[in-house]
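Close look at the chain arrangement
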Amino acid sequence: MGSALSPFERTVDYVPETVTKSVKLLVAGNFGVGKTTFVSSVSEIKPLRTEETITEASVGVDDMAGLPGKETTTVAMDFGRITLNPTLALYLFGTPGQQRFVPLWEELARGALGALVLVDTRRIDKADEVLATLEERGVPYSVAVNEFEGGPRYPLEEIRDALDLAPDTPLTALDARERLGCVESLITLVEYLFHRLESRP
């Protein structure tokens, strides 16, 4: 087997023999924020999806406001993998966004080093529940604004203030359909998490 490819390239299904470390990360965010798209964009293997068609049973249960054309929803998790460098593989677990699936988060969060939280400026207030859930469980995170076409754009510092993020919490912007920006957001998260580990007494 050859050496690992750049994280900006696709690779084959096996984990390269150079990999000596693996990290479990959550990709979190509210309903319809782009988690499935994100995992699909970065994964070097065929991602696992557990999407189902949205039916009338969701009416009054799942908040569809601001989500034109949303036809499917994740009911368990998304799963993908990316070899970030020759020695490090990231295993990505996309969480379901609806509040009714929070009990599933308990299992998905086990062993996770941290989380990347996607935010949609069309429904930025919905991010508060996700951030609170992670904070209650002691899961460190970074935040990435998924810039949807036609969605409002704000300076990142305004978004930081709106979400009341700690000064050291990484905040980036991306398009979940574009692999480059997604990978860069993961690099930012991993650097943040490793710095936290190194700073522990």
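Above this text you will find the structure in question.
Now for a look at the structure at hand.

Criteria and cut-off values
- Residues numbered from 1 in each chain as written.
- Predicted model: local features only at pLDDT ≥ 70, side-chain atom pairs only at ≥ 80, totals over all residues.
- Heavy atoms only, no water.
- Pairing = 2+ DSSP bridges.
- Helix = DSSP H or I, 4+ residues; strand = E, 2+ residues; numbered from the N terminus.
- Axes fitted to C-alpha atoms, helices over the stretch in contact; angles between N-to-C directions.
- Contact = heavy atoms within 4.5 Å.
- Patch = residues over 30% accessible without salt bridge, like charges linked within 9 Å, V, L, I, M, F, W, Y side chains within 5 Å.
- Areas by Shrake-Rupley, 256 points an atom, 1.4 Å probe, with all protein chains shown as cover.
- Salt bridge = Lys/Arg side-chain N within 4 Å of Asp/Glu carboxyl O.
- Lys, Arg positive; Asp, Glu negative; His and termini not counted.
- Charge placed at Lys NZ, Arg CZ, Asp CG, Glu CD.

1. So, the sheet that holds strand 7 (residues 141–146)
One key point about sheets: their strands pair by backbone hydrogen bonds, in either a parallel or an antiparallel sense. A sheet is described by the order of its strands in space; here six strands give the open sequence 4-5-1-6-7-8, paired in mixed fashion. A single partner strand is all that each edge strand has here, and the edge strands are strand 4 (78–85) and strand 8 (171–174). Direction aside, the axes of adjacent strands within the sheet are offset by 25° on average. As paired strands, strand 1 (residues 21–28) and strand 6 (residues 114–119) are joined by four bridges and run parallel to one another. Residue pairing for strand 6: Leu25 is matched across the bridge by Gly114. Helix-sheet contacts for helix 1 (residues 35–42) involve strand 1, strand 4, strand 5 (88–94), strand 6 and strand 8, and the interaxial angle to strand 4 is about 40°. The strands touched by helix 4 (residues 156–163) within the sheet are strand 6, strand 7 and strand 8, with strand 8 carrying the most contacts at an inclination of about 120°.

2. Structural notes on a negative patch on the surface
Taken together, the side chains of Asp125, Asp128, Glu129, Glu135, Glu158, Asp161 and Asp164 make up a negatively charged region of the molecular surface. When residues of the negative patch are traced back to their parent elements, those giving at least two are helix 3 (127–136) and helix 4. With three residues, the single largest contributor to the negative patch is helix 3. Note on placement: Asp125 falls in the loop between strand 6 and helix 3.

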